[in-house]
Amino acid sequence: MPEPLDAALTKVRELLLDPNLTRAVAAGRRRGQRPSVVRAELRPVVLKAGRRLQISTSDGSRPYTRNVAPGTEAGAAVDALLAEPFGNWHVETADATLQLRVTKSGEAQLHRAAADRAGAEPSGHDRTKDYLLDPGDPIFAEIGGSAAKRRQVDAFLRALAATLPDELSGPLRVVDLGCGNAYLTFAAYRYLAQRGVDVELVGVDVREDQRRRNTELAERLGWADRVSFVAGTIADAVVEPAPDLVLALHACDTATDEALARAVRWRSRWVLAAPCCHHDIAAQLRTRPAPPPYDLLTRQGILRERFADVLTDALRAGLLRLHGYRTEVVEFVDSRHTPRNLLIRARRTDGTATGQQRAEYRDLVDQWQVRPRLARLLTEDAPGG
Ligand SMILES: C[S@@+](CC[C@H](N)C(=O)[O-])C[C@H]1O[C@@H](n2cnc3c(N)ncnc32)[C@H](O)[C@@H]1O
C-alpha cells in the first residue's frame, strides 16, 4: 500500500542514523525531477578519529567521498540527501532491509524485510566465535561487510590457517599478487597480526588506482608501516626481500601461472593460489584432437572448457610437486557461493621429484599435446619444464 512520502522518509532517516546501519544506497529519480547526484551510498566506517558515516556520491562520472561525525553533522548530511528527489532508497541494517520506491504519483511504496538470516552474518555470540575474524571487527566497516564477503574471507582465512604452522618464528613476509581491492589482503594481515605473527605484507596489482586506494586504506587503518602496495605486474614487480608466503587469489588466467612461477623462484615456503579463468590450455585443446579414447571429453565446448580447467590445475599441482612443493588442490568456498572455489595450496619441502612423478607429468602433457604456461615460465632445464 502506498503511503505518504514524508512519513516513509522519516523511517528511512531513522535507519540511516541507526548505529546498526550496514549500508544504504539512494538512486534513480522521481518523475520530472533530477537529483544533484546520480547515486549516494552510505556506510559506517571506523577511522582513527572514531566512528563515522561515510557518504559517497557520484555525479555520473566522478565519485566524491566524505566522512561525517555522528550526531548533528551526520543528521544534517542525511537530511540533505533525503531532500534530493531520488526515486529509490535501499537501506540495510543488521536487523532489517528497507526498500523505498517513490511512485509516479509521488507516494512511497515501502517494503521491509527481516535480514536474511540464512545468508546473513551470524550475529549471536555463540556463532560469532565460529569466525576466524569477528564479523564485528572494524576492518569490515572499511573493506565492506556483506554476508557473502565475510564468508569468503572466513573460508580464505581457514585455508591460510591450515597452511601455516601453529608456531611461526621470526617475521612472516607475505605478498599478495593481483591483490585487487585487497580485502583479502587486509583480512589476512588482521588475522595474522591478531595471532601474534610479526607480518609484513605487500600487495601487488597492475592497477595504479588500486595501489593508491589500498595505500590510503592502510593509512586509515594505521597499518601503513606493515602493509604496503606496489603497482606492477606479477611477473616483474619488485618485492624484496623474497616473501615466505605467496597469495594469488583469482588472478586472471595465466597470471596465476606467473604467481606460481615467482613463488618457485623466490623459494617461498607457502603458496595459496585460487585460480580464476583458465584460457591457456582450453585454447590449446581447441586446436588439436583429443588422444583416443578421450574424444568425448572435449567434443562438447562446455565439457572441453571444464576439462581444461581440471587439466590446467592438475598440471600446475604436478609442476609444483616437481619443484619441491607438497601440493593439494582443495575447495575453499562452498561451490554454492562461487564457481571459482578451488585453491592450490603448496608447502615447500625441498623434496626431490621421483622418476615416477616426472614421468606422470611428462606422460600427461605428451598425451594431450599441451604446454602449460607455468612450464614455459619455469626455466627450460627445470624438472618437467
Ligand atoms: C579478479 S581480481 C582479484 C582480486 C583479489 N585478489 C581478490 O581475490 O579479491 C584480479 C586482479 O588481478 C590483477 N591482475 C591481473 N593480472 C595481473 C598481472 N599480470 N599483474 C598484476 N596484477 C594483475 C587485476 O588488476 C585485478 O585487480
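Only a predicted model underlies this, so the values are computations on that prediction, with no experimental measurement involved.

Overview of the site of the ligand
Near the ligand lie 16 residues; those nearest to it are Gly 178, Asp 205, Ile 234, Leu 249 and His 250. With respect to the ligand, the side chain of Asp 205 contributes an N or O atom lying 2.7 Å from an oxygen atom. In the environment of the ligand, a nitrogen atom lies 3.5 Å from a nitrogen or oxygen atom belonging to the side chain of Glu 258. Within the complex, 79% of the 590 Å² of free accessible area of the ligand lies under protein.

What to know about the sheet that holds strand S14 (residues 342–348)
Here seven strands make up an open sheet; going across it, the order is S10-S9-S8-S11-S12-S14-S13 and the pairing mixed. Of all strands in the sheet, those bounded by a partner on one side alone are strand S10 (227–231) and strand S13 (325–331). Across the sheet, the axes of successive neighbouring strands diverge by a mean angle of 15°, strand direction being ignored. Looking at chain direction, strand S8 (residues 172–177) and strand S9 (residues 199–205) are connected through six bridges and run parallel. Paired with Leu 172 across the bridge in S9 is Val 199. Its contacts with the sheet place helix H5 (residues 147–163) against strand S11 (245–249), strand S12 (270–274) and S14, and it is angled at close to 155° to S12. Sitting on the sheet, helix H7 (residues 208–221) touches S9 and S10, and the angle it makes with S10 is about 170°.

Notes on the pairing of S10
Where S9 meets S10, five bridges bridge the pair, whose relative direction is parallel. Bridging from a neighbouring strand, Val 202 pairs with Ser 228 of S10. Following the backbone out of S9, through H7 and into the adjacent parallel S10, one traces a crossover that is right-handed.

With respect to the domain arrangement of the protein chain
Under the domain assignment, the protein chain is made up of domain 1 (5–114) and domain 2 (125–377). With centres defined by C-alpha atoms, the gap from domain 1 to domain 2 works out at 37 Å. Taken residue by residue, the interface counts six residues in domain 1 and seven residues in domain 2. Both faces combined, the contact of domain 1 with domain 2 buries some 570 Å², and carbon together with sulfur accounts for 48% of it. Considering only the surface of domain 1 that becomes buried against domain 2, Arg 43, Val 46 and Lys 48 emerge as the three largest contributors, covering 61% of it. At the junction of domain 1 with domain 2, the criterion picks out zero salt bridges. Scanning the region where domain 1 abuts domain 2 turns up two residue pairs in polar contact (both at pLDDT 80 or more). In terms of residue class, the side of domain 1 that touches domain 2 is built from four nonpolar, no polar and two charged.

Thresholds, definitions, all that
All residue numbers here refer to positions counted from 1 along the written sequence of the relevant chain. Reporting in this predicted model follows two pLDDT cut-offs: at least 70 for local features of residues, and 80 or more for side-chain atom pairs to be given and counted; totals over whole chains, interfaces and linings ignore these cut-offs and use all residues. Only hydrogens and water are set aside; all other atoms, that is, all heavy atoms of the structure, feed into the side-chain values. Any residue with a heavy atom positioned within 4 Å of a molecule or strand is treated as near that molecule or strand. Polar contact criterion, stated in full: a pair of N or O atoms within 3.5 Å, where within protein one must be able to donate a hydrogen and the other to accept it, and residues adjacent in sequence count only if both atoms are side-chain atoms. Each accessible area is a Shrake-Rupley result for a 1.4 Å probe, and residues are judged covered by the shown protein chains and nothing else. If DSSP finds at least two bridges between two strands, the strands pair. In DSSP terms, a helix is any run of H or I states spanning at least four residues, a strand is any run of E spanning at least two, and both are numbered starting from the N terminus. For helices, the fitted axis covers only the stretch in contact; all axes are lines through C-alpha atoms, and the angles between them, taken along N-to-C directions, range from 0 to 180 degrees. Throughout, a contact is declared for two residues whenever any of their heavy atoms are within 4.5 Å. A crossover counts as right-handed when, viewed with the strands pointing away from the observer, the path leading from the first strand over the helix to the second turns clockwise. All domain edges in this entry derive from an automatic or database-based domain assignment. By convention, the term buried area covers the 1.4 Å-probe accessible surface removed from two parts as they join, with the contributions of both added. What counts as a salt bridge is simple: a side-chain nitrogen of Lys or Arg found within 4 Å of a carboxyl oxygen of Asp or Glu. Residues are grouped as follows: nonpolar covers Ala, Val, Leu, Ile, Met, Phe, Trp, Tyr, Cys and Pro; charged covers Asp, Glu, Lys and Arg; every other residue, Gly included, is treated as polar.

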